[in-house]
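# Examination of the molecular architecture
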Amino acid sequence: MEENIAHNPNENPIENVNFQSRIDLSQLQESIEKIRSEISSVIVGQHKMIDQLLVAILSNGHVLLEGVPGVAKTITAKLVAKTLNVGFSRIQFTPDLMPSDILGTSVYDLKKSEFEFKKGPVFSNLVLIDEINRAPAKTQAALFEVMEERQITMDGITYEMDAPFLVIATQNPIEQEGTYRLPEAQLDRFLFKINIDYPKLDEEILIIQKEHQLQNHGKLDNIHTVLTSDEIQKYQSLVKQIIVEPQLLEYIAKLVVNTRENAFLYLGASPRASIAILNAAKGYAAIRGRDFVTPEDIKEAAIPVLQHRVIVTPEREMEGITSTEIIKQVIEAIEIPR
């Protein structure tokens, strides 16, 4: 019996069984720490938001930043862009913005006697859309195809977006005048909706001190590039390989199905939400240096993934109950797999 155990004395049977297929996340973690450090040199606090943005990048998902004016939504998006060596464009949404102002338009070339497509600002790697709810429905609808399929169809011709392609959009939840509510179909295309709150007193003091110390320097002047386009795609591919046990896949499904059966919700989440939680949970595992997903990763991903995909019943809304509170109740109600 003993003769059959190890034919090769140089071989470690334990290593062969368990560890050879492990995913090396050391470089990814190192890069994530550098990006955190660069962003934190300007942004005070907001560590959870920074992690959510990093998870979205690794999960290849779009982000909606929501907060009142002045809480650093736009500057955060610019900081993320500066740490990545990729194409960046900013589009300021306004009520008179047309779809062609975003996607591009066909222009007649007199020399060639034919129409030539001039690409719009959305043809970039990281696109910041400022105040996305200020543009009318037809302009918002222009983003449907490019956000979901990462391509644009114009005059019967399909134009593929260069990878990576990520949209970071901002909106103000308070102001109503001159704004247009985002349709559910568009909200569903964002991996995360991140709510940015006011800073605490000690953080506010630090913000003022940092601003005072800047003198004539810009906030982005000392930010260094950390990742290239190829590295981002390599890390995104690594994240897809993160291990998820079957009982955790079932746990994700139970969370999402529960939102459809919840009496407090008029509209539950779709299967796209299940996939979003799966991808985001893998991202959380990766930034924590693990090649496997835990229930805590899923729970942390669930709120930013689900809160903008469900609709609270009018009765509960009148009582002041938010979608976030209901999702927290759903998470607590589902038994965690062991």
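Quantities reported herein were computed from a predicted structural model and do not represent experimental measurements.

Let us look at the side chain of aspartate 291. Looking at the element boundaries, aspartate 291 is found in the loop between α12 (271-287) and α13 (295-306). Beyond its immediate stretch of four places on either side in the chain, aspartate 291 contacts Arg22, Ile23, Leu25, Ile242 and Ile243.

Counting 74 residues, the largest nonpolar core has Phe192, Ile277 and Ile298 as its most contacted members. With nine residues, α12 is the single largest residue contributor to this core. Not counting residues within four places of it along the chain, the set of residues in contact with isoleucine 298 comprises Leu248, Tyr251, Ile252, Leu255, Ile277, Ala281 and Val293. Core analysis: the next-biggest nonpolar cluster, separate from the first, contains 27 residues, Leu97, Met147, Leu182 and Leu187 among them.

Hydrogen bonds between backbone groups are what pair the strands of a sheet, and the pairing can be parallel or antiparallel. The parallel open sheet is built from five strands, whose spatial order is β3-β6-β9-β1-β10. Taken across any chain shown, the strands that pair with only one partner, and hence form the sheet edges, are β3 (88-92) and β10 (190-195). On average, each strand axis in the sheet is tilted by 15 degrees relative to the strand beside it, whichever way the strands run. Two elements, β3 and strand β6 (residues 126-130), share five bridges in a ladder whose sense is parallel. By the bridge assignment, phenylalanine 88 is partnered in β6 with leucine 126.

All right, on to the packing of helix α11 (residues 246-261) against α12 then. In contact at an axis separation of 9 Å, α11 and α12 are set at 140 degrees when each is read in the N-to-C sense. On the basis of the axis angle, α11 is oblique to α12. The way α11 lies across α12 gives a crossing that is right-handed. In this structure, α11 uses Leu249, Ile252, Val256 and Arg260 to contact α12, whose residues at the interface are Pro271, Ala273, Ser274, Ile277 and Leu278. Its residues assigned to classes, the contact of α11 with α12 comprises seven nonpolar, one polar and one charged.

A separate point is the pattern of salt bridges. One pass over the structure, following the stated rule, counts 16 salt bridges. Across the pair glutamate 116 and lysine 118 runs a salt bridge whose closest N-O atoms are separated by 4.0 Å. For glutamate 116, a relative accessible area of 31% puts it in the partly exposed group. Its relative accessible area of 43% is what places lysine 118 among the partly exposed residues.

Here the protein chain averages 84 in pLDDT, and 93% of its residues register 70 or above. Below pLDDT 50 for its whole length, residues 1-21 participates in three contacts with residues either more than four positions away or in separate chains.

So, about the pairing of strand β1 (residues 62-66). Regular strands place their side chains on alternate faces of the sheet. For β1, the buried fraction is high: five of the five residues fall into the buried class. Here β1 pairs with β10 via five bridges, running parallel. Paired with histidine 62 across the two strands is phenylalanine 190, which belongs to β10. One ladder, built from four bridges, connects β1 with strand β9 (residues 166-171); its direction is parallel. Bridge pairing in β9 places leucine 64 opposite alanine 169.

Cut-off values and rules
Residues numbered from 1 in each chain as written. Predicted model: local features only at pLDDT ≥ 70, side-chain atom pairs only at ≥ 80, totals over all residues. Heavy atoms only, no water. Helix = DSSP H or I, 4+ residues; strand = E, 2+ residues; numbered from the N terminus. Contact = heavy atoms within 4.5 Å. Core = buried A, V, L, I, M, F, W, Y, C linked by side-chain atoms within 4.5 Å. Buried < 20%, exposed > 50% of the residue type's maximum accessible area, 1.4 Å probe, protein only. Pairing = 2+ DSSP bridges. Axes fitted to C-alpha atoms, helices over the stretch in contact; angles between N-to-C directions. Parallel < 35°, antiparallel > 145°, perpendicular 65-115°, else oblique. Left-handed = near helix turned anticlockwise from the far one by under 90°. Nonpolar A, V, L, I, M, F, W, Y, C, P; charged D, E, K, R; others polar. Salt bridge = Lys/Arg side-chain N within 4 Å of Asp/Glu carboxyl O. pLDDT = per-residue confidence, 0-100.

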